[in-house]
Amino acid sequence: MIEIGKYNDLRIAAKNSDGLSLSDGEREILLPYSDVPKNAELGDNIKVFVFINKDGNTIATTKHALAETDDFAYLTVVDASEDGAYLDLGIGKDIYVPVREQKRAMHKGESYVVYVYLDENNQRMLASSRLDKFIEEDDFDFDEGDEVSLLISEQTDLGFNAIINNRYIGLLYHNELFANLKPGEKRKGWIKKVRIEGKIDLSLQPLGYSHILDTKDVLLKELRENGGVIALGDKSTPEEIYERFQISKSAFKKATGGLYKERIIVISDREIKLVVDHLAD
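Residues numbered from 1 in each chain as written. Predicted model: local features only at pLDDT ≥ 70, side-chain atom pairs only at ≥ 80, totals over all residues. Heavy atoms only, no water.

Student: Before we move on, can you summarise the pairing of strand 9 (residues 111–118) with the specific residues and values?
Tutor: For a regular strand, side chains alternate in direction, first toward one face of the sheet and then toward the other. Burial analysis of strand 9 places 6 of its 8 residues in the buried class, the great majority of the element. With 5 bridges connecting them, strand 6 (residues 72–80) and strand 9 associate as antiparallel partners. Across the sheet, Y74 pairs through a bridge with V113, a residue of strand 9. Pairing between strand 9 and strand 10 (residues 125–128): 4 bridges, direction antiparallel. Bridge pairing links L118 to M125 in strand 10. (Buried < 20%, exposed > 50% of the residue type's maximum accessible area, 1.4 Å probe, protein only. Helix = DSSP H or I, 4+ residues; strand = E, 2+ residues; numbered from the N terminus. Pairing = 2+ DSSP bridges.)

Student: So what's going on with the side chain of E154? Residues and values would help.
Tutor: When you line up the elements, E154 lands in strand 11 (residues 147–155). Owing to a relative accessible area of 18%, E154 belongs among the buried residues under this scheme. Within polar-contact distance, the side chain of E154 engages the side chain of K103 at 3.0 Å. E154 has contacts with K103, R104, G159, F160, N161 and P183, leaving out every residue within four places of it along the chain. (Polar contact = N/O pair within 3.5 Å; in protein donor to acceptor, adjacent residues only side chain to side chain. Contact = heavy atoms within 4.5 Å.)

Student: Give me the packing of aromatic side chains: which residues, what numbers.
Tutor: This model, assessed by the stated rule, comprises 9 aromatic pairs. With a centroid separation of 5.3 Å and an interplanar angle of 85°, the aromatic rings of F142 and Y168 are classed as edge-to-face. On the criterion of sequence distance, the pair formed by F142 in the loop between strand 10 and strand 11 and Y168 in strand 13 (residues 168–173) is long-range, its members being 26 residues apart. Three or more aromatic residues link up through ring pairs in this structure, and these residues are F72, Y115, Y117 and F134. (Phe/Tyr/Trp six-rings, centres within 6.5 Å; stacked < 30°, edge-to-face > 60°.)

Rendered as C-alpha coordinates:
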(Lines give C-alpha, C1' and ligand atoms only; values in the text may rest on other atoms or scores of the structure.)
Protein backbone atom coordinates (compact mmCIF):
# COMPACT_ATOMS: atom_id res chain seq x y z
CA MET A 1 0.00 0.00 0.00
CA ILE A 2 1.37 3.40 -1.01
CA GLU A 3 1.48 5.76 1.98
CA ILE A 4 1.00 9.50 1.45
CA GLY A 5 3.46 11.69 3.33
CA LYS A 6 5.90 8.81 3.82
CA TYR A 7 8.91 7.26 2.13
CA ASN A 8 7.93 4.22 0.06
CA ASP A 9 9.97 1.52 -1.67
CA LEU A 10 8.37 1.14 -5.10
CA ARG A 11 9.18 -0.76 -8.29
CA ILE A 12 9.78 1.00 -11.61
CA ALA A 13 6.95 -0.48 -13.67
CA ALA A 14 7.01 1.60 -16.87
CA LYS A 15 8.25 4.73 -18.62
CA ASN A 16 5.98 7.33 -20.17
CA SER A 17 6.23 10.85 -21.57
CA ASP A 18 6.14 12.51 -18.12
CA GLY A 19 8.36 10.21 -16.13
CA LEU A 20 8.45 6.77 -14.53
CA SER A 21 5.43 4.85 -13.31
CA LEU A 22 6.15 3.40 -9.88
CA SER A 23 4.13 0.52 -8.47
CA ASP A 24 3.51 -1.18 -5.15
CA GLY A 25 1.82 -4.08 -6.94
CA GLU A 26 -1.66 -2.58 -6.66
CA ARG A 27 -1.48 0.99 -8.00
CA GLU A 28 0.93 3.19 -9.91
CA ILE A 29 2.10 6.77 -9.35
CA LEU A 30 4.31 9.16 -11.32
CA LEU A 31 7.94 10.01 -10.63
CA PRO A 32 8.68 13.03 -12.90
CA TYR A 33 11.80 12.79 -15.06
CA SER A 34 13.33 15.75 -13.18
CA ASP A 35 13.55 13.49 -10.10
CA VAL A 36 14.65 10.27 -11.80
CA PRO A 37 18.11 9.13 -10.63
CA LYS A 38 20.77 8.17 -13.16
CA ASN A 39 20.90 4.53 -14.23
CA ALA A 40 17.32 3.82 -13.09
CA GLU A 41 16.03 0.78 -14.97
CA LEU A 42 12.68 -0.95 -15.36
CA GLY A 43 12.16 -3.47 -12.58
CA ASP A 44 14.43 -1.62 -10.12
CA ASN A 45 13.16 -0.72 -6.66
CA ILE A 46 13.49 2.92 -5.68
CA LYS A 47 12.90 4.80 -2.43
CA VAL A 48 10.68 7.86 -2.93
CA PHE A 49 8.66 10.33 -0.89
CA VAL A 50 4.97 10.40 -1.86
CA PHE A 51 2.67 13.44 -1.64
CA ILE A 52 -0.37 15.02 -3.29
CA ASN A 53 0.45 18.03 -5.47
CA LYS A 54 -1.59 21.21 -5.96
CA ASP A 55 -3.55 19.57 -8.79
CA GLY A 56 -4.66 16.74 -6.53
CA ASN A 57 -2.38 14.14 -8.14
CA THR A 58 -0.36 11.63 -6.14
CA ILE A 59 3.31 12.24 -7.01
CA ALA A 60 6.65 10.72 -6.00
CA THR A 61 9.94 12.54 -5.51
CA THR A 62 13.50 11.56 -4.74
CA LYS A 63 14.13 14.92 -3.07
CA HIS A 64 14.81 14.80 0.68
CA ALA A 65 11.68 15.62 2.70
CA LEU A 66 12.39 17.37 6.01
CA ALA A 67 9.58 15.45 7.71
CA GLU A 68 7.13 12.61 7.19
CA THR A 69 3.59 12.36 8.51
CA ASP A 70 3.48 11.50 12.24
CA ASP A 71 6.78 13.35 12.73
CA PHE A 72 7.57 16.30 14.95
CA ALA A 73 9.90 18.59 12.99
CA TYR A 74 11.44 22.07 12.95
CA LEU A 75 10.31 23.81 9.77
CA THR A 76 10.58 27.33 8.35
CA VAL A 77 7.68 29.54 7.23
CA VAL A 78 7.98 30.55 3.56
CA ASP A 79 4.66 32.41 3.39
CA ALA A 80 1.99 33.53 5.86
CA SER A 81 -1.43 35.18 5.66
CA GLU A 82 -4.48 35.69 7.87
CA ASP A 83 -5.70 32.22 6.82
CA GLY A 84 -2.59 30.21 7.55
CA ALA A 85 1.10 29.64 6.92
CA TYR A 86 3.16 27.53 4.53
CA LEU A 87 6.25 25.69 5.73
CA ASP A 88 9.18 24.53 3.62
CA LEU A 89 9.19 20.73 3.40
CA GLY A 90 12.30 20.60 1.22
CA ILE A 91 10.65 18.96 -1.80
CA GLY A 92 9.24 21.95 -3.69
CA LYS A 93 5.83 21.34 -2.10
CA ASP A 94 5.10 23.41 1.01
CA ILE A 95 3.03 22.18 3.94
CA TYR A 96 0.03 24.17 5.19
CA VAL A 97 -0.64 25.21 8.81
CA PRO A 98 -4.21 26.53 9.24
CA VAL A 99 -4.60 29.44 11.68
CA ARG A 100 -6.59 27.19 14.03
CA GLU A 101 -3.52 24.91 14.28
CA GLN A 102 -1.09 27.71 15.22
CA LYS A 103 -0.33 27.95 18.93
CA ARG A 104 1.01 31.42 18.22
CA ALA A 105 0.78 33.44 15.01
CA MET A 106 3.43 32.28 12.55
CA HIS A 107 5.60 34.74 10.63
CA LYS A 108 7.50 34.42 7.36
CA GLY A 109 11.16 33.55 7.87
CA GLU A 110 10.64 32.16 11.37
CA SER A 111 10.94 28.46 12.23
CA TYR A 112 8.71 26.39 14.49
CA VAL A 113 8.45 22.87 15.87
CA VAL A 114 5.30 21.33 14.40
CA TYR A 115 3.57 17.99 14.09
CA VAL A 116 2.94 16.73 10.55
CA TYR A 117 -0.22 14.77 9.78
CA LEU A 118 -2.68 13.89 7.01
CA ASP A 119 -5.98 15.70 6.53
CA GLU A 120 -8.59 12.93 6.84
CA ASN A 121 -10.80 14.62 4.22
CA ASN A 122 -8.38 14.90 1.30
CA GLN A 123 -5.18 13.08 2.36
CA ARG A 124 -3.10 16.24 2.00
CA MET A 125 -0.30 16.91 4.46
CA LEU A 126 -0.92 19.51 7.18
CA ALA A 127 1.08 20.70 10.18
CA SER A 128 0.24 22.02 13.65
CA SER A 129 2.22 23.83 16.34
CA ARG A 130 -0.36 22.76 18.95
CA LEU A 131 1.91 19.90 19.96
CA ASP A 132 -0.05 18.80 23.04
CA LYS A 133 -2.80 17.46 20.76
CA PHE A 134 -0.47 14.89 19.26
CA ILE A 135 1.78 13.62 22.04
CA GLU A 136 1.18 10.33 23.82
CA GLU A 137 0.54 10.64 27.55
CA ASP A 138 0.80 7.02 28.74
CA ASP A 139 2.14 3.60 27.76
CA PHE A 140 5.68 4.94 27.96
CA ASP A 141 8.19 2.65 26.25
CA PHE A 142 11.11 3.64 28.49
CA ASP A 143 12.24 3.54 32.12
CA GLU A 144 13.94 6.09 34.33
CA GLY A 145 17.59 6.32 33.36
CA ASP A 146 17.01 5.31 29.73
CA GLU A 147 18.75 7.19 26.92
CA VAL A 148 16.32 8.92 24.53
CA SER A 149 16.38 11.26 21.54
CA LEU A 150 15.13 14.80 22.12
CA LEU A 151 13.84 17.59 19.88
CA ILE A 152 13.82 20.89 21.79
CA SER A 153 10.37 22.38 21.17
CA GLU A 154 9.98 25.58 23.21
CA GLN A 155 11.23 27.54 26.21
CA THR A 156 8.99 27.87 29.28
CA ASP A 157 9.29 29.56 32.67
CA LEU A 158 10.67 26.31 34.12
CA GLY A 159 13.00 25.30 31.32
CA PHE A 160 12.73 23.76 27.86
CA ASN A 161 10.07 21.36 26.64
CA ALA A 162 11.41 18.57 24.44
CA ILE A 163 9.79 15.93 22.25
CA ILE A 164 10.96 12.47 23.36
CA ASN A 165 11.50 9.75 20.75
CA ASN A 166 9.04 11.52 18.42
CA ARG A 167 6.16 10.49 20.74
CA TYR A 168 6.13 12.09 24.18
CA ILE A 169 6.99 15.43 25.76
CA GLY A 170 9.18 16.19 28.77
CA LEU A 171 10.95 19.04 30.53
CA LEU A 172 14.59 20.07 30.94
CA TYR A 173 14.81 22.39 33.97
CA HIS A 174 16.66 25.72 33.69
CA ASN A 175 18.60 25.16 36.92
CA GLU A 176 20.00 21.87 35.61
CA LEU A 177 21.16 23.21 32.25
CA PHE A 178 24.67 24.45 31.56
CA ALA A 179 24.32 24.84 27.80
CA ASN A 180 22.39 27.26 25.63
CA LEU A 181 19.44 25.50 24.04
CA LYS A 182 17.06 26.66 21.34
CA PRO A 183 13.96 25.22 19.68
CA GLY A 184 14.72 22.85 16.84
CA GLU A 185 17.90 21.42 18.36
CA LYS A 186 18.22 17.65 18.45
CA ARG A 187 19.92 16.28 21.54
CA LYS A 188 20.65 13.02 23.25
CA GLY A 189 18.98 12.92 26.67
CA TRP A 190 18.02 10.69 29.58
CA ILE A 191 14.77 10.05 31.45
CA LYS A 192 15.30 11.48 34.92
CA LYS A 193 11.86 10.89 36.45
CA VAL A 194 8.34 9.91 35.39
CA ARG A 195 5.93 11.60 37.78
CA ILE A 196 2.69 10.07 39.07
CA GLU A 197 0.65 12.52 36.97
CA GLY A 198 2.53 11.43 33.84
CA LYS A 199 4.89 14.42 33.59
CA ILE A 200 8.43 13.53 32.50
CA ASP A 201 11.60 15.16 33.82
CA LEU A 202 14.63 15.01 31.53
CA SER A 203 18.39 15.35 31.79
CA LEU A 204 21.10 16.00 29.22
CA GLN A 205 23.45 13.78 31.21
CA PRO A 206 23.42 10.07 32.05
CA LEU A 207 22.18 9.16 35.49
CA GLY A 208 23.70 6.94 38.14
CA TYR A 209 27.18 5.95 39.27
CA SER A 210 28.18 4.46 35.92
CA HIS A 211 28.23 8.01 34.56
CA ILE A 212 30.67 9.00 37.30
CA LEU A 213 32.94 6.08 36.40
CA ASP A 214 32.90 7.19 32.76
CA THR A 215 33.66 10.77 33.81
CA LYS A 216 36.63 9.63 35.90
CA ASP A 217 38.08 7.86 32.86
CA VAL A 218 37.59 10.96 30.71
CA LEU A 219 39.29 13.19 33.29
CA LEU A 220 42.24 10.82 33.63
CA LYS A 221 42.71 10.67 29.86
CA GLU A 222 42.54 14.47 29.62
CA LEU A 223 45.02 14.90 32.48
CA ARG A 224 47.57 12.58 30.88
CA GLU A 225 47.22 14.32 27.52
CA ASN A 226 47.71 17.76 29.11
CA GLY A 227 50.83 17.26 31.20
CA GLY A 228 48.92 16.18 34.31
CA VAL A 229 46.99 19.44 34.85
CA ILE A 230 43.46 20.65 34.08
CA ALA A 231 42.59 24.26 34.85
CA LEU A 232 39.31 23.45 36.59
CA GLY A 233 38.77 23.04 40.31
CA ASP A 234 36.41 23.39 43.26
CA LYS A 235 35.62 27.05 42.54
CA SER A 236 35.28 26.78 38.77
CA THR A 237 31.85 27.80 37.54
CA PRO A 238 29.30 25.26 36.23
CA GLU A 239 29.54 26.98 32.86
CA GLU A 240 33.34 26.55 32.68
CA ILE A 241 33.04 22.86 33.55
CA TYR A 242 30.26 22.25 31.04
CA GLU A 243 32.13 24.03 28.26
CA ARG A 244 35.13 21.73 28.76
CA PHE A 245 33.46 18.38 29.50
CA GLN A 246 29.68 18.73 28.88
CA ILE A 247 28.92 17.59 32.44
CA SER A 248 27.39 19.31 35.46
CA LYS A 249 29.52 20.68 38.29
CA SER A 250 27.98 18.06 40.57
CA ALA A 251 29.15 15.22 38.30
CA PHE A 252 32.58 16.84 38.01
CA LYS A 253 32.93 17.07 41.81
CA LYS A 254 31.83 13.45 42.32
CA ALA A 255 34.37 12.23 39.77
CA THR A 256 37.23 14.35 41.05
CA GLY A 257 36.32 13.42 44.63
CA GLY A 258 36.62 9.77 43.73
CA LEU A 259 39.99 10.31 42.07
CA TYR A 260 41.18 12.28 45.11
CA LYS A 261 40.17 9.50 47.51
CA GLU A 262 42.12 7.05 45.35
CA ARG A 263 45.11 9.42 45.68
CA ILE A 264 45.32 9.81 41.90
CA ILE A 265 44.89 13.61 41.87
CA VAL A 266 45.19 16.65 44.09
CA ILE A 267 42.54 19.35 43.94
CA SER A 268 42.74 23.11 44.39
CA ASP A 269 40.28 25.96 43.80
CA ARG A 270 41.15 26.38 40.11
CA GLU A 271 42.86 23.19 39.00
CA ILE A 272 43.23 19.47 39.43
CA LYS A 273 46.64 17.89 39.14
CA LEU A 274 47.66 14.28 38.54
CA VAL A 275 49.88 12.76 41.21
CA VAL A 276 53.32 12.16 39.68
CA ASP A 277 53.13 8.38 40.16
CA HIS A 278 50.16 8.20 37.77
CA LEU A 279 51.47 10.36 34.95
CA ALA A 280 52.75 7.43 32.89
CA ASP A 281 50.04 4.86 33.78
